[in-house]
Amino acid sequence: KEQLLHNSHVRVCFLPEDMLGCVLLGVALLTTWSPCAANKTTLHIGALLPIGRNPRFFNKDIEYTCAMALRDINESPDILPNHQLVMNLNDSQCDIGLTIYQLSDLLQSRKEKMVALIGEGCSTVTQPIAPATPLWNLALFNFLSTSPALSNTELYPNFYPVLPSENSLNPPRVAFMKRFGWTKAVILIESSEIFDLNAKNLRDSMEDAGIESPEFVLLPENRDYTTVIRQVKETGIRILFGLFYENVGREVICEVV
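Summarised in this report is the structure supplied together with it. Bear in mind the structure is a predicted one, so any value in this text is a computation, not a measurement. (Residues numbered from 1 in each chain as written. Predicted model: local features only at pLDDT ≥ 70, side-chain atom pairs only at ≥ 80, totals over all residues. Heavy atoms only, no water.)

As for its position among the elements, Met 87 is in strand S4 (residues 83-91). A relative accessible area of 4% places Met 87 in the buried class. (Helix = DSSP H or I, 4+ residues; strand = E, 2+ residues; numbered from the N terminus. Buried < 20%, exposed > 50% of the residue type's maximum accessible area, 1.4 Å probe, protein only.)

Okay, here's the thing in structure tokens:
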């Protein structure tokens, strides 16, 4: 992995703790220079991603994934053959304030002009930065933010997600209910806008399909799920839809079984 980063055009910047600035990983290294690369036009991409400071969501393997992608593209004779991609990678930590600061630094403080952005990993952080990208004529590519709110193309015209919205999972959920003739369900929701919007869309989809409106159960923030799950079991309903992050999901499933 370290050799991969050494030979890739990735600049990694850890802020605010690493105040020594950005570590240049590849651009200035002689190991990556060649006469062919010298004749190519350099394109700079800004990346705002939680690399590893917030273990709830991601880990440092994002660095290596980005390095692999850049290496494959830059070495390919068929993909952007006349260009060399360089990525300025920042650890945004799923933090709104830090991400906005880093975005400002990428767009205003650096000599390199960004042609595109990648990020952020969390929907709650992506939403405030996505509307600003048209001001700099930047495309914002995203690999994980799936909040239904981001589907608004009028508000986010330059937002290009790799994954579909969370709401895209609701039609198969409804089809599953209809296939087995289930008429009642409970939706367990972690407190988050992404899950609130998804739950409302799921309820509307079930009602349109003639399925009884499901009950909403908001999971407590203190993560004491014993009482909540006991109350759900007492209703006699055995079909549960869980809308939550993985770490919460493990604890809820343990209570359910």
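Enumeration according to the criterion identifies 1 disulfide in this entry. Residue pairing for Cys 94: its cysteine sulfur links by disulfide to Cys 122, the two sulfurs lying 1.8 Å apart. Taking the sign of the S-S torsion, about 65 degrees here, the bridge from Cys 94 to Cys 122 comes out right-handed. Highlighted residues: Cys 94 in the loop between S4 and helix H4 (96-109) and Cys 122 in the loop between strand S5 (114-119) and helix H5 (123-129), separated in sequence by 28 residues. Pair check on accessibility: Cys 94 and Cys 122 agree, each one buried. (Disulfide = S-S within 2.5 Å.)

Let's shift gears to the pattern of salt bridges. Scanning the model with the defined rule gives 3 salt bridges in all. As a salt-bridge pair, Arg 223 and Glu 251 come within 2.4 Å of each other at their nearest N and O atoms. Here the residue Arg 223 occupies a position in the loop between strand S9 (215-218) and helix H8 (226-234), and Glu 251 occupies one in helix H9 (residues 246-256), the gap between them amounting to 28 residues. Given a relative accessible area of 37%, Arg 223 falls into the partly exposed group. By relative accessible area, which is 31% here, Glu 251 ends up partly exposed. One salt bridge connects Arg 250 with Glu 246, and the closest N-O pair in it is separated by 2.9 Å. Here Arg 250 pairs with Glu 246, and both are found in helix H9, just 4 residues apart, close to one helical turn. Here Arg 250 falls in the partly exposed class, since its relative accessible area comes to 47%. (Salt bridge = Lys/Arg side-chain N within 4 Å of Asp/Glu carboxyl O.)

Honestly, it's all geometry; don't read function into it.
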